[in-house]
Amino acid sequence: MEPPETREDARTDIRRAPAGNARRGLTAHARRLLDAVEHLVSGLATALLAFAGLLWLVLVALTCLIGVGLLLAPTVPRVVRSVAERERDRLSRWGPEIVRLGPAPDGVRAALADRAVRREVGWLLVHSTLGLFLSLSGLTMVANSVQDVTYPLWWRMLPPDDVTPGLVFWDVRAPGGVLAVALFGVGLAVCFLLLGPGMAWAQAWPGRRLLTPTADMDLSLRVAQLSATRAAALDAHAAELRRIERSLHDGAQNRLVAVTVLLGAAHRALAQNRPGAEEMLERAQETAEQALAELRTVVRSILPPVLSDRGLTDALSGLAANCAVPCRVDIDASGRCAVSIEATAYFVVAEALTNISRHSGARHATVTVRRAGGLLSLRVEDDGVGGADERHGSGLTGMRSRIEAHDGRLTLSSPPGGPTILDVELPCGL
Amino acid sequence: MRIVIAEDDPLLREGVALLLRAESLDVVATTGSPDAFLQAVDVHRPDVAIVDVRMPPTHTTEGIAAAVEARRRQPGLAVLVLSAYVEQAFATELLAAGTDRLGYLLKERVGRVGQFLDALHRVAAGGTAIDPEVVAQLLTRTRSDSGLERLTARERDVLALMAEGLGNAAISERLFVSEGAVHKHIRSIFAKLDLAPTDRADRRVTAVLRYLEETQRRG
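Small disclaimer: the values here were computed from a predicted structure and weren't measured.

Novice: So what exactly am I meant to see when it comes to the overall build of chain B here?
Specialist: Along its length, chain B carries 11 helices and six strands. Of all 219 residues assigned to chain B, the portion counted as buried reaches 42%. Intrachain contacts of chain B at a sequence separation of at least 6 include 64% that bridge at least 24 residues.

Below is the structure:
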């Protein structure tokens, strides 16, 4: 996806285009031109779909008169919605995002009552006619200007009785006729340069007006989005509880059962004066110590005490000091974030450092932490062999779901041969 | 008595094997997965299988499925299921097909070696062994029922021990009363719960569990 600044540029370009701006230079012109062509081409695709949708709408409306159409009527809102969703995707690629609405309401009555569907039908009418016309005329201008400008180079190869190119009404065999075609091509190109971006903008305008959610729908969509992220957060929470339950069961609980078994056996041996009791007691004690060690690990993995006592900086320094690979820590993040954010940051770094010492073969690692503009940014780098892949090994997947539960972002760059760079952004409030 | 053990935690597996061997029982194989367990049952034809409920790959109820499959392959195989938790659903699933040669115990009971060996022998001899915790849970959940409310505290104790699979003699030992008194209590329990009296241990357990299940369903 394009970064937002570029998108902003593209939009202002199109608005200012008719006025022209000589200072912007040749490359800016060229880019604007290419953007306009690209938008008109993609607009042509959705306009053709919209045209097909319009034909279907008219066909169903006409057959309704003889009854058959009534059976087909429920398909119309779905067809209209699917075409509109494509246009939403298209417009989102080079302007402010237009959220998809998802499936159309079932049934004709519900669809007619839905304001979004009515607005979509309105858009369909405009885009399938005016939108189609804009795309076709704009692209005709482009095609003809290319053809005409290059015309002097190849017109001799044409059959003599059919040499006049499209849109040209004079006799090219007259003196200067061919040159006139080339000049006409240049004229067309200039026209497109002046009009093209405006045409692309005009073609997109009905979509931007009619396909964006209205204020009330906007809220309901946001509720839906929030519900989805909330569900994801709860899922992550449940997964975390499962992990804790599993590690308690497989670790400390089993160790303690083994202790009771060993103690029971030792008890019997002592009662019956059999040998081996001392060895069993020895093993029971060792096992109990293991259980304690495992409990400590689990407790630390729930919320490391150092994190709540001393804060992220100290906690991360501690992690780096314990890392098998020499690790430099560079933290410039004053103040405390929410506990859950700090815990996530801690586990991401812990997991990353574990991966580095296990798989990377690195000689140095660096952990950088910055806090700015409501974002906590983490970067973990190493000079190892690279080739880390999210699909292999669940550590990275777990990391990602943990981060996304907080609405954060994770990017991993790990080409074969290294270096591996893990970038994480967590929103942490101002 | 030839025994096969299926338990995925190596330490615990070897601990149980050590304990049983110290009691001069014949542990013929110890296995850590359902597949290895079934293979060992096929090869060694043991008398008793001791099976952990949670085993790989999903660590949920593989042990129960493996126990059921082992009994299908070798009818008459006694199975003692060990579990880290009391899960009534496991118990009913396991006991649904009959309670002969079946036990369901919490793992830590193994440490009470005397009682554990009792349960093991009882199951091997064709009886039943249900963990007191399971029985207690069943009784708690049905406390509101009028039939059980009519029982005296002593009769409740007897019922719980019966449900564990103990015979009259064992019950009288645990409760420090005469066998005759136990007999009287049991007749009274059956009368209050409207069950035909019988002395065979497994049928008594079946009767008790069926009755408890039914009252649960009604409640």
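Novice: Would you explain the overall build of chain A in this entry?
Specialist: Helix and strand counts for chain A stand at 14 helices and five strands. Counting across all 430 residues of chain A, residues that qualify as buried make up 28%. Taking the contacts inside chain A whose residues are at least 6 apart along the sequence as the reference set, 71% of them involve residues at least 24 apart.

Novice: What is the right way to read the nonpolar core from this model?
Specialist: Nonpolar side chains in soluble globular proteins tend to be buried together. Residues Ala49(B), Val51(B), Leu80(B) and Val81(B) are the most contacted members of the largest nonpolar core, which totals 65 residues. With 10 residues, the single largest contributor to this core is helix 9 (residues 215-271) of chain A. Residues within four places of Ala49(B) in sequence aside, it is in contact with Val4(B), Ala6(B), Val41(B), Ala67(B), Ala70(B), Leu77(B) and Val79(B). One finds Tyr346(A), Leu353(A), Ile356(A) and Leu378(A) within the second-largest nonpolar core, a separate group that totals 30 residues.

Novice: Just to check I follow, could you spell out the packing of helix 4 (residues 75-93) of chain A against helix 6 (residues 115-149) of chain A for this structure?
Specialist: For any two helices packed against each other, the geometry comes down to the angle between their axes and how far apart the axes lie. All names here are of chain A. One way to put it is that helix 4 packs onto helix 6 with a least axis distance of 10 Å and a crossing angle of 70 degrees. Judged by the angle between their axes, helix 4 and helix 6 are roughly perpendicular. Regarding helix 4 and helix 6, the two cross each other, and that crossing is left-handed. From helix 4, Pro77, Val80, Arg81, Val83, Ala84 and Glu87 reach across to helix 6, where they touch Val117, Glu120, Val121, Trp123, Leu124 and His127.

Novice: I keep staring at the environment of Thr46(A) and nothing clicks. Help me out?
Specialist: Residue and element names in this part refer to chain A. Here Thr46 lies in helix 2 (residues 25-64). When the 25 C-beta atoms within 10 Å are taken as the criterion, Thr46 is described as buried. In this structure, the C-alpha to C-alpha distance between Thr46 and Arg90, residues 44 residues apart in sequence, is 8.6 Å.

Novice: What's the story with the packing of helix 9 (residues 168-175) of chain B against helix 10 (residues 179-192) of chain B in this structure? I'm lost.
Specialist: All names here are of chain B. Direction vectors running N to C along helix 9 and helix 10 enclose 110 degrees, while the axes themselves pass 9 Å from each other. With respect to each other, helix 9 and helix 10 are oriented roughly perpendicular. Seen from helix 9, the contacting residues are Asn168, Ala169, Ile171 and Ser172; seen from helix 10, they are Glu179, Val182 and His183. Classifying every residue of the contact of helix 9 with helix 10 by side-chain character gives three nonpolar, three polar and one charged.

Novice: Looking at this structure, I do not really get the interface of chain B and chain A. What am I missing?
Specialist: Bring the parts together and some accessible area is lost; that lost area is often taken as the interface size. Opposite the 15 residues of chain B that make contact, chain A presents 18 residues. The leading source of residues in the side of chain B that touches chain A is helix 1 (residues 10-22) of chain B, at seven residues. For the side of chain B that touches chain A, the residue count by class is nine nonpolar, two polar and four charged.

Novice: It is not clear to me how the sheet that holds strand 6 (residues 128-130) of chain B should be interpreted in this structure. Could you clarify?
Specialist: Consider a sheet: its strands pair through backbone hydrogen bonds, and that pairing is either parallel or antiparallel. Residues and elements named next belong to chain B. Strand order in the open sheet made by the six strands is 2-1-3-4-5-6, with parallel pairing throughout. Whereas interior strands pair on both sides, the edge strands pair on one side only; in this sheet they are strand 2 (26-31) and strand 6. Looking at each pair of strands side by side, their axes are set apart by 20 degrees on average, direction ignored. Of the strand pairs in this sheet, strand 4 (residues 78-83) and strand 5 (residues 102-106) are connected by five bridges, and their pairing is parallel. Residue pairing in the sheet places Val79 in a bridge with Leu102 of strand 5.

Novice: Sorry, what's going on with helix 10 of chain B here?
Specialist: The periodicity of an α-helix, 3.6 residues per turn, causes residues three or four positions apart to be oriented the same way. Residue and element names in this part refer to chain B. Taking 1.5 Å of rise per residue, the 14 residues of helix 10 would be expected to cover 20 Å, and the 20 Å separating its terminal C-alpha atoms lies within 8% of that figure. Along helix 10, the residues that are buried comprise Val182, His185, Ile186 and Ile189. The buried side chains of helix 10 occupy one side of the element, clustering within an arc of 100 degrees when seen end-on. Of the residues in helix 10, the exposed ones pointing more than 90 degrees away from the buried face are Gly180, Arg187 and Ala191.

Novice: How should I be thinking about unusual backbone geometry in this particular structure?
Specialist: Residues and elements named next belong to chain B. With omega at 5 degrees, the peptide bond leading from Pro56 into Pro57 counts as cis. With respect to the helices, strands and loops of the structure, Pro57 is situated in the loop between strand 3 (48-52) and helix 3 (62-73). With a phi angle near 45 degrees, Arg45 is a residue other than glycine that sits in the positive phi range. Secondary-structure assignment places Arg45 in the loop between helix 2 (34-44) and strand 3. A positive phi angle, close to 55 degrees, is found at Phe176, a residue other than glycine.

Novice: What is the right way to read the confidence of the model for chain A from this model?
Specialist: Residues and elements named next belong to chain A. Per-residue confidence for chain A gives a mean pLDDT of 83, with 91% of residues at or over 70. Of all secondary-structure elements in chain A, the lowest mean pLDDT belongs to helix 1 (residues 4-16), at 42, while strand 3 (residues 375-382) reaches the highest, 92. Here residues 1-20 scores under 50 on pLDDT; set against residues more than four positions off or in separate chains, the count is 19 contacts.

Novice: Before we go on, may I ask you to explain the environment of Gly185(A) in this structure?
Specialist: With respect to the element layout, Gly185(A) can be found in helix 8 (residues 177-210). Each C-alpha atom, one on Gly185(A) and one on Ala143(A), is 9.5 Å from the other, the two residues being 42 residues apart in sequence.

Novice: Please explain the confidence of the model for chain B as it appears in this structure.
Specialist: Detailed reading of predicted coordinates is not advised where the pLDDT is low. All names here are of chain B. The pLDDT averaged across chain B works out to 83; a share of 81% of its residues lies at or above 70. Put simply, helix 11 (residues 201-218) is where chain B has its lowest mean pLDDT, 59, and strand 1 (residues 2-6) is where it has its highest, 96. ipTM for the predicted complex: 0.74, alongside a pTM of 0.52.

Novice: I keep staring at the sheet that holds strand 4 (residues 409-413) of chain A and nothing clicks. Help me out?
Specialist: All names here are of chain A. Overall, mixed pairing links the five strands, which are arranged 1-2-3-5-4 in an open sheet. The open sheet has two edge strands with one neighbour each: strand 1 (327-332) and strand 4. Each strand of the sheet is rotated relative to its neighbour by a mean of 10 degrees, with strand direction disregarded. Note that strand 1 and strand 2 (residues 365-372) share six bridges and pair parallel. Looking across to strand 2, one finds that Arg328 is bridged to Thr366. Strands in contact with helix 12 (residues 312-322) are strand 1 and strand 2; relative to strand 1, the strand with the most contacts, it is inclined by about 170 degrees. The sheet contacts of helix 13 (residues 339-360) involve strand 1, strand 2, strand 3 and strand 5 (420-427), and relative to strand 3 the element is tilted by about 10 degrees.

Novice: I'm lost on the pairing of strand 4 of chain A in this one. Help?
Specialist: Moving residue by residue along a regular strand, the side chains alternate between the two faces of the sheet. Residue and element names in this part refer to chain A. Relative to strand 5, strand 4 runs antiparallel, the two being bridged by five bridges. The partner of Arg409 across the bridge, within strand 5, is Glu425. Joining the antiparallel neighbours strand 4 and strand 5 is a turn of six residues, in which Gly417 adopts a positive phi near 95 degrees.

Novice: I keep staring at helix 1 of chain B and nothing clicks. Help me out?
Specialist: All names here are of chain B. In a regular helix each residue adds 1.5 Å, so 13 residues correspond to 18 Å; helix 1 covers 18 Å between its end C-alpha atoms and thus fits that length. When helix 1 is considered as a whole, its buried residues turn out to be Leu12, Arg13, Gly15, Val16, Leu19 and Leu20. Down the axis of helix 1, the smallest arc covering the buried residues is 165 degrees, so these residues share one side. Downstream of helix 1 by a residue or two, Ser24 has a phi angle that is positive, lying close to 55 degrees.

The rules behind each value
Each residue is numbered by its place in its chain's sequence as written, counting from 1. As they are written, the chains are lettered A onward and the ligands numbered 1 onward, keeping that order. At least 70 in pLDDT is required for a residue's local features to be given in this predicted model, at least 80 for side-chain atom pairs to be given and counted, and no such filter applies to totals for whole chains, interfaces and linings, which use all residues. Secondary structure elements are taken from DSSP: a helix is a run of H or I of four residues or more, a strand is a run of E of two residues or more, and numbering for both begins at the N terminus. In this scheme every C-beta is placed from the backbone, and a residue whose C-beta has 20 or more other C-beta atoms within 10 Å is buried, one with 12 or fewer is exposed, and one in between is partly exposed. Throughout, a pair of residues is in contact if the C-beta atoms placed from their backbones lie within 7 Å. The term nonpolar core means buried Ala, Val, Leu, Ile, Met, Phe, Trp, Tyr and Cys residues held together as one set by C-beta atoms within 7 Å. With axes taken as lines fitted to C-alpha atoms, and helix axes fitted only over the stretch in contact, angles between N-to-C directions fall between 0 and 180 degrees. An angle below 35 degrees is treated as roughly parallel, one above 145 as roughly antiparallel, one from 65 to 115 as roughly perpendicular, and anything else as oblique. Here a crossing is called left-handed whenever its near helix is offset anticlockwise from the far helix by less than a right angle, and right-handed whenever the offset is clockwise. Side-chain classes are defined by residue name, with Ala, Val, Leu, Ile, Met, Phe, Trp, Tyr, Cys and Pro counting as nonpolar, Asp, Glu, Lys and Arg as charged, and the others, Gly among them, as polar. For two strands to count as paired, DSSP must find a minimum of two bridges between them. A helix is expected to span 1.5 Å for every residue after the first. Of all possible arcs, the one meant is that of the directions from the helix axis to the C-beta atoms. Confidence of the predictor at the level of single residues is given by pLDDT, which spans 0 to 100.

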